[in-house]
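# Breakdown of the fold
Below, each chain spelled out in residue letters.
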Amino acid sequence: MPSAIPTAVSAPGKVLVAGGYLVLDREYEALVFGLSARINVVARTIKTSPGVQLSEIVVDSPQFLEAQWRYGYHLAPEDGGIKVTQLHSGENVDANPFVEVTLSYALSYIAGTAFRRSSHAFDPAQFTILADNDYYSQPHSMTGTEKNPTRFAKFPSTLRGANKTGLGSSAALVTSLTAALLTHYLPQSAFDIATSEGKRKLHNLAQAAHCAAQGKVGSGFDVAAAVYGSCRYRRFSPGVLKGIPETGAPGFAPALTQLIDGTAWDTEIVKDGVSVPPGLALRMCDVDCGSQTVGMVKKVLQWRESNPTESKKLWDELQSRNVKLGTLLSAGKLDQIRPAVADIRELIRAMGTQSDVPIEPESQTSLLDALTEVEGVYNGVVPGAGGYDAVVLLMNNDDATEKRIKDFVAKWSKDKGEQVRLLDVKGEMEGARKENIKEFEGWI
C-alpha cells in the first residue's frame, strides 16, 4: 500500500570543487560538495470518488508557468516494465524527459519487487517539485544585496525558459523524484532513505535513470552528491549501464532489477575526511553568462588523446594537488588553504592553455584574484568544467565577510558591466533525506 499521508524528500545540489575533467576517468577522483540548495518532492495520494478508477500520476512544479505533467502508464509486454505516456489535455505542455524517464525507471523497479509482483497497478498520486531559489538566476536580486523573502520563488517563465545557475538541478530532481516514488509506493522495510542500503538502491536507480534521460553516460558525480552529500568520488565504469534495454523494450524490467540490486557498480564514494573547517563556508557566486560545457569537455578530451604523455603528467600532478587540498580542509589547516588552491588553479590554467579551452578564463581569473583580496576570503576556483558562469569561494562564515563580498560584487558588476552575485547557498555535508511536510504548507 502506498503511504496514506503525504511524504516529502529532498536532494541537494552539487559543486565540483576539485577534479573537473579528471572525474571522467576512473584513474582519478574528485572532491565534490553537496549544497544547502535542495530540490524537494512532496508525494501524496490523489483521492477519487467511490467506484472511480484512475490510472494517472501527476507531477507538477508550481513555481513555474505551464509546469504540470500528467502521465498514464501500462505494463509493457515481454518483461518490458512500466511504460509511461504523457497525457495531453489540449494545453501547451512541454515534455520533461527527466521526469518521464525517472517515472518509468522507478515504477518498473517498484513493480519488480517482491512487495509488488502480485499487482502492477499504482494508486493515483501527485508529486510536487519545489526547488530552492538558488537553482535559478533571479533578475530581481542581481545586485547581490537583495534577498527573496520566500524560500520558493514564483518565476514568470516556463521551466524551460528559466536560467539555471549550474547547481546540478537535473541530478537533484531525478534523485529526489526517485526517492519520493520509492518512499511513497514501497513499505519502509523495502526502502528506507536513511539507511546505507536505501541510499545504495537510490544511487543505482537515480544514476541509471539520469543517464537514460540525458541520453549519455556521464561521470555521475552530481547524482552521487545528490544521494550522499559531500564526498570523494571515483566514477563507475561506463560499461555498468551497457545492455540495459530501452524502457518498455523486452527484458527491460529484469535487467533493471539486476542492475539496481546487483554488484556491478564499481563506484567509490568516501565521506570520511571530507569537510570544511569550522568557521569557514563554501559559497558560490553566480556570473550570469553561461558556458557550453559539452563543447568544452569534448575539446579537452581531444587534447588529452592527442597529447597522452604531456596530459597524463599534468593530470597526475593535478590529482596530487587536489588530494592535498582535501586533506588540508579536513585537517583545518587554514594557513595552507590559499597556496594549495593557487597551486590547483595554476594547473587548471595550464590545461586550459594547452587545450585551448577557457576553463579558467581571464575574466574569471581577474574576478577570483580580486575576491581573494577581500578580507575573510581564502581563495576560490571556477568549479566543475570551468567557464564563465560561476565561481566558488572558501571564506569565513560570518556576516561581516558576507557583507564585504556583496558590496564588492555589486561594485564589480557596475564597473565591469557583468552581473555577479553571491548566492545564499552554502556547502553542506548531508545528502538525500526525508523532510518535514510542514515545510511546504501553502504549496500543497
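Notes on the structure in this doc start here. The model shown is predicted, which means the values in this text are computed figures rather than measured ones.

Conventions we followed
- Residues numbered from 1 in each chain as written.
- Predicted model: local features only at pLDDT ≥ 70, side-chain atom pairs only at ≥ 80, totals over all residues.
- Heavy atoms only, no water.
- Helix = DSSP H or I, 4+ residues; strand = E, 2+ residues; numbered from the N terminus.
- Rg over C-alpha atoms; globule rule 2.2 N^0.38 Å.
- Buried < 20%, exposed > 50% of the residue type's maximum accessible area, 1.4 Å probe, protein only.
- Contact = heavy atoms within 4.5 Å.
- Areas by Shrake-Rupley, 256 points an atom, 1.4 Å probe, with all protein chains shown as cover.
- Lys, Arg positive; Asp, Glu negative; His and termini not counted.
- Charge placed at Lys NZ, Arg CZ, Asp CG, Glu CD.
- Phe/Tyr/Trp six-rings, centres within 6.5 Å; stacked < 30°, edge-to-face > 60°.
- Lys NZ or Arg CZ within 6 Å of the ring centre and 35° of its normal.
- Core = buried A, V, L, I, M, F, W, Y, C linked by side-chain atoms within 4.5 Å.
- Axes fitted to C-alpha atoms, helices over the stretch in contact; angles between N-to-C directions.
- Parallel < 35°, antiparallel > 145°, perpendicular 65-115°, else oblique.
- Nonpolar A, V, L, I, M, F, W, Y, C, P; charged D, E, K, R; others polar.
- Left-handed = near helix turned anticlockwise from the far one by under 90°.
- Expected span 1.5 Å × (residues − 1).
- Salt bridge = Lys/Arg side-chain N within 4 Å of Asp/Glu carboxyl O.

Helix and strand counts for the protein chain come out as 10 helices and 13 strands. In summary, the protein chain has a C-alpha radius of gyration of 22 Å against a globular reference of 22 Å for 444 residues, a match within 12%. Seen along its three principal axes, the alpha-carbon backbone of the protein chain occupies a region of about 70 × 50 × 40 Å. Relative to its full complement of 444 residues, the protein chain shows a buried share of 56%. Contacts in the protein chain between residues at least 24 apart in sequence constitute 75% of all its contacts with a sequence separation of at least 6. As displayed, the protein chain has an accessible area near 19,100 Å², and 51% of this comes from carbon and sulfur atoms. Averaged over its 46 positive side-chain charges, the protein chain has a centre that lies 2 Å from the centre of its 51 negative ones.

Attention now goes to the packing of aromatic side chains. Taken as a whole and judged by the stated rule, the model has 12 aromatic pairs. For the pair phenylalanine 127 and tyrosine 185, a centre-to-centre distance of 6.4 Å together with 50° between the ring planes defines the contact as tilted. With a gap of 58 residues between them, phenylalanine 127 in strand S6 (residues 125–131) and tyrosine 185 in helix H2 (residues 169–185) connect regions that are remote in the sequence. On the basis of relative accessibility, which here comes to 1%, the residue tyrosine 185 falls in the buried class. Here the aromatic rings of tyrosine 136 and phenylalanine 155 are separated by 5.6 Å at their centres, their planes lie at 65°, and the arrangement is edge-to-face. Taken together, the residues span a long stretch of sequence, with tyrosine 136 in the loop between S6 and H2 and phenylalanine 155 in the loop between S6 and H2 at a distance of 19 residues. When its relative accessible area of 10% is taken as the criterion, phenylalanine 155 is described as buried. Clustering of aromatic rings is evident, with ring pairs tying together Tyr73, Phe122, Phe127 and Tyr185. If you follow arginine 235 out to its NZ or CZ, it ends over the ring of phenylalanine 236, 5.2 Å from the centre.

Unusually for a residue other than glycine, tyrosine 21 sits at a positive phi of about 75°. Here tyrosine 21 lies in the loop between strand S1 (7–18) and strand S2 (30–45). Relative accessible area serves as the criterion here: at 3%, tyrosine 21 is assigned to the buried category. Positive phi values are uncommon outside glycine, yet aspartate 79 reaches one of about 60°.

Ranked by size, the top nonpolar core spans 118 residues in total, and within it Phe127 and Met351 carry the most contacts. Per-element accounting of this core gives the leading share, 10 residues, to H2. The next biggest cluster of nonpolar side chains, apart from the first, holds 18 residues, and it includes Val287, Phe408, Val420 and Leu422.

Our next topic: the packing of helix H8 (residues 337–355) against helix H9 (residues 362–372). Running from N to C, H8 and H9 point in directions that differ by 175°, and their axes come no closer than 13 Å. On the basis of their axis angle, the class for H8 and H9 is roughly antiparallel. Counted together, Arg338, Arg345 and Arg349 of H8 and Thr365, Leu368, Asp369 and Thr372 of H9 form the full contact between these two elements. Split by residue class, the contact of H8 with H9 holds one nonpolar, two polar and four charged.

Where helix H3 (residues 196–214) meets helix H5 (residues 252–261), the axes come as close as 8 Å, and the angle between the chain directions of the two elements is 130°. Comparing their axes, H5 and H3 come out oblique. For the element pair H3 and H5, the recorded crossing hand is right-handed. Of H5, the residues touching H3 (which contributes Arg200, Lys201, Asn204, Leu205 and Ala208) are Leu256, Leu259, Ile260 and Asp261. Along the lines of polarity and charge, the residues of the contact of H3 with H5 split into five nonpolar, one polar and three charged.

A word on helix H1 (residues 97–111). With 15 residues, H1 should cover 21 Å at 1.5 Å per step; its first-to-last C-alpha distance of 21 Å lies within 8% of that length. With respect to burial, H1 is a largely interior element, 12 of its 15 residues being buried. Within the span of H1, buried status applies to Val99, Val101, Thr102, Leu103, Ser104, Tyr105, Ala106, Leu107, Ser108, Tyr109, Ile110 and Ala111.

This paragraph deals with the side chain of glutamine 126. Residue position: glutamine 126 is located in strand S6. Residue glutamine 126 is classed as buried on the basis of its relative accessible area of 18%. Once residues lying within four places of it in the same chain are set aside, the contact partners of glutamine 126 are Val42, Ala43, Arg44, Ile46, Val58, Asp60 and Gln68.

Turning to the pattern of salt bridges, a few remarks are in order. Taken as a whole and judged by the stated rule, the model has 26 salt bridges. Here glutamate 402 makes a salt bridge to arginine 283, at a shortest N to O gap of 2.9 Å. Placement of the pair is glutamate 402 in helix H10 (residues 399–416) and arginine 283 in strand S9 (residues 280–287), with a sequence separation of 119 residues. According to the relative accessible area criterion, glutamate 402 is partly exposed, its value standing at 21%.

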